[in-house]
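Below are the chains, spelled out letter by letter.
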Amino acid sequence: MANKRTLKRNINLFCEELFAECVAASLYGQNEDGAKALIYSTLKMHDDFIRRISHPEPGMPQKKFFQRLKEDFVARASEIADQVNY
């Protein structure tokens with residue numbers, strides 16, 4: 001398992017790139033309301049995962065917790081990326 005600092009840095013970098021894609025989609029796309037919703041969901045996802053890293057669930061083994069966290073992050077990030085591509 002990578003340390004928390006590295007994991008937070010990777011999430012920050014990925015969310016930054018995803019946010020830039022959402023802003024570009026809002027500037028050049030047809031659906032302005034949908035783009036604003038994608039920007040909001042990207043920011044909310046970033047905040048949620050950074051908080052989850054800082055405060056792991058008590059009683060759950062750390063390795064399992066961080067594996068689930070990574071899987072959840074990949075799932076939500078790919079969902080938002082798919083919506084940006086439409």
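Residues numbered from 1 in each chain as written. Predicted model: local features only at pLDDT ≥ 70, side-chain atom pairs only at ≥ 80, totals over all residues. Heavy atoms only, no water.

> Even after reading the chapter, I still don't get the pattern of salt bridges, so can you show me in this structure?
Think of it this way: side chains of opposite charge can pair up when their charged atoms draw near. Evaluated as defined, the whole model comprises three salt bridges. One salt bridge in this structure joins Asp-48 and Arg-76, with 3.0 Å as the shortest N-O distance. With Asp-48 in helix 2 (residues 32-54) and Arg-76 in helix 3 (residues 62-85), this pair connects stretches of sequence that are 28 residues apart. Arg-52 is paired through a salt bridge with Asp-72; the nearest N and O atoms lie 3.0 Å apart. Within this pair, whereas Arg-52 is found in helix 2, its partner Asp-72 is found in helix 3, the two being separated by 20 residues in sequence. (Salt bridge = Lys/Arg side-chain N within 4 Å of Asp/Glu carboxyl O. Helix = DSSP H or I, 4+ residues; strand = E, 2+ residues; numbered from the N terminus.)

> Can you walk me through the packing of aromatic side chains in this structure?
This structure, assessed with the given rule, holds three aromatic pairs. Ring plane angle 75° and centroid distance 5.7 Å describe the contact between Phe-14 and Phe-73, whose orientation is recorded as edge-to-face. Here the residue Phe-14 occupies a position in helix 1 (residues 4-28), and Phe-73 occupies one in helix 3, the gap between them amounting to 59 residues. Judged by centre distance (5.2 Å) and plane angle (85°), the rings of Phe-49 and Phe-73 are edge-to-face. Residue Phe-49 is located in helix 2, and its partner Phe-73 is located in helix 3; the two are separated by 24 residues in the primary sequence. Taking relative accessible area as the criterion, Phe-49 reaches 0% and is therefore assigned buried. Judged by its relative accessible area of 11%, Phe-73 falls in the buried class. Ring pairing ties together the aromatic residues Phe-14, Phe-49 and Phe-73, which thus form one cluster. (Phe/Tyr/Trp six-rings, centres within 6.5 Å; stacked < 30°, edge-to-face > 60°. Buried < 20%, exposed > 50% of the residue type's maximum accessible area, 1.4 Å probe, protein only.)

> For this particular structure, what's the right way to read the environment of Ala-77?
Checked against the element boundaries, Ala-77 lands in helix 3. When near neighbours in sequence (up to four residues on either side) are disregarded, Ala-77 contacts Phe-14, Leu-18 and Met-45. (Contact = heavy atoms within 4.5 Å.)

> Any chance you could explain the nonpolar core here in plain terms?
Looking at soluble globular proteins, one finds that nonpolar side chains tend to be buried together. Formed by 19 residues in total, the largest nonpolar core has its most connected members in Ile-11, Met-45, Leu-69, Phe-73 and Ile-80. Sorting the residues of this core by element identifies helix 1, helix 2 and helix 3 as the ones contributing at least two each. Looking at this core element by element, the count peaks at seven residues for helix 3. Non-local contacts of Phe-73, meaning those with residues more than four positions away in its chain, are made with Ile-11, Phe-14, Cys-15, Met-45 and Phe-49. (Core = buried A, V, L, I, M, F, W, Y, C linked by side-chain atoms within 4.5 Å.)

Take it as geometry only, folks, not as evidence of what the structure does.
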